[in-house]
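The lines below spell out each chain.
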Amino acid sequence: MFQVSTYHPKRNYMNIQSTNLVKTQVVEGVAASPRGGALSLLHAAPRRHPPRRAGSAVATAMISKILLPIVIAATLGVVGPSSARAQLASINPIKDNTLYEFDAAEGDVSNALGFHFFAGETAMGELRRGVLAFDIAGNIPAGSTILGVTLSLNMSRTGLDTARNVDLHKLLADWGEGTSMAPGEEGDGAPATPNDATWRHRFFDTIFWTTEGGDFSATVSASQSVGAIGVYTWSSSQMRADVQSWLDDPSSNFGWLVLGDESDILTAKRFDTRESASPPVLTIQYRPPGPRPTPTPRPRATPKSRPTPSAFSHPLRFLLRLFATQPAAQAASPLRD
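Residues numbered from 1 in each chain as written. Predicted model: local features only at pLDDT ≥ 70, side-chain atom pairs only at ≥ 80, totals over all residues. Heavy atoms only, no water.

## Quick look at the pattern of salt bridges
Selection criterion: Definition used for salt bridges: Asp or Glu carboxyl oxygen within 4 Å of a side-chain nitrogen of Lys or Arg. Only DSSP runs of H or I reaching four residues or more are called helices, and only runs of E reaching two or more are called strands; each is numbered from the N terminus. Working definition: with a 1.4 Å probe on protein chains only, accessible area under 20% of the residue-type maximum means buried, over 50% means exposed, and in between means partly exposed.
Evaluated as defined, the whole model comprises ten salt bridges. For D108, the salt bridge identified is with R200, shortest N-O distance 2.8 Å. Taken together, the residues span a long stretch of sequence, with D108 in the loop between β6 (95-100) and β7 (109-110) and R200 in the loop between β12 (190-191) and β13 (201-203) at a distance of 92 residues. By relative accessible area, R200 is classed as partly exposed at 23%. Of the charged contacts, one joins D261 and R164 as a salt bridge, the two residues approaching to 3.1 Å between their closest N and O atoms. Pair noted here: D261 is in the loop between β17 (256-259) and β18 (269-272) and R164 is in strand β11 (residues 164-171), with a separation of 97 residues, a long-range link.

Quick look at the structure:
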């Protein structure tokens, strides 16, 4: 509620008028009347807030208890499905073999159907490299996103328990398995049979590696320190990228070459193959492709027309102008000394 007080010094009285204007804070306006030289003062009484009811706090607490579980459930409903869609696949190799360093006296040897493959250098100073491949496209839906990859190998024999780095490298060319099977501990291999992978051949005895010992990427896909007998795992972002590339382009899937420490003798490690009781396992976490959501057209905002300013847009200015132009009220109350 505003009170407008106009003092007229010549007529010695004060005219008090009221108008229903509500403000949230005190506003004072001063204007001089050109006719009567009156001084107009506007005073706005501050709004008083009603006292809070005692039951409002209880009601707020009850509403919070009701809404909190709903908010949590809604949040899980949004986050849950994307996480729940991630799936796991554990697969064994479709082929594995050992590349035994070529010795002219022994000829080309291999171990296609053996229970073990080797990586590193033997006590006789001969190099061994393992190769293994997995059917990615046959086990993971096309269009899936590979989230993580882990390879588990069982190392079943070693000359020394000294820890040696064993690396995985992506193979750049295809290779094969024949019917060769090495005797005994399998460390020396067996005469190669048609389509066997050897140190010199991708497919014995007609197709050769570009570089003896296998054609593989210089990039290390993953590395693991291997010491005493036991199960070891390899996992890395590069392995994930390798598997993703094999899923997207199955024709490029030639598997990995297992490269041991070749800097010294007695570094060779023996790992179990797919024919053994503890075969290699490749565990793949992936998110299968889902239906693409139909894009929702975005509504266009309708431009709002700007209101035409009126005399009541600024009530304070309106009152000041009104009382500055209107003559003094006829009924006035004289001031008391």
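## Topic: the confidence of the model for the protein
Detail in the predicted coordinates should be disregarded across regions flagged by low pLDDT. Note the threshold: Confidence of the predictor at the level of single residues is captured by pLDDT, which takes values from 0 to 100. Contacts between residues were defined by any pair of non-hydrogen atoms, one from each residue, lying within 4.5 Å.
Averaged over the protein, the pLDDT score is 80; the fraction of residues at 70 or greater is 65%. When mean pLDDT is compared element by element in the protein, β17 scores highest at 99, while strand β3 (residues 29-32) scores lowest at 38. When the criterion is pLDDT under 50, residues 57-61 qualifies, and its contacts beyond four places in sequence or with other chains add up to zero contacts. Scored below 50 in pLDDT, residues 68-84 shows two contacts in the model against residues more than four places distant or in partner chains.

## As for helix α2 (residues 237-248)
Put simply, the rule is: Here a helix's expected span is defined as the number of its residues, less one, multiplied by 1.5 Å. We call two N or O atoms a polar contact when they sit within 3.5 Å, provided that within protein one can donate a hydrogen and the other can accept it, with sequence-adjacent residues counted only if both atoms are side-chain atoms.
With twelve residues, α2 extends 16 Å between its outermost C-alpha atoms, agreeing within 8% with the 16 Å of an ideal straight helix rising 1.5 Å per residue. Those residues of α2 lying buried are M239, D242, V243, Q244, W246 and L247. Tucked inside the fold, the buried residues of α2 contact β10 (145-158), β11, β15 (216-226), β16 (230-234), β17 and β19 (281-287). Its side-chain oxygen placed 3.4 Å from the backbone nitrogen of Q238, S236 serves as the N-cap of α2.

## Some thoughts on the packing of aromatic side chains
This is how the line gets drawn: Whether two aromatic rings pair depends on their centres lying within 6.5 Å, for rings of Phe, Tyr and Trp, where Trp uses its six-membered ring; planes under 30 degrees apart make the pair stacked, over 60 edge-to-face, and the rest tilted.
For the structure on display, the rule yields four aromatic pairs. Ring plane angle 25 degrees and centroid distance 5.5 Å describe the contact between F117 and F271, whose orientation is recorded as stacked. Of the two residues, F117 is situated in strand β8 (residues 116-121) and F271 in strand β18; the sequence distance between them amounts to 154 residues. Taken individually, F117 and F271 each receive the classification buried, so the pair is uniform in this respect. Taken together through their ring pairs, the aromatic side chains of F117, W234 and F271 make up a single cluster.

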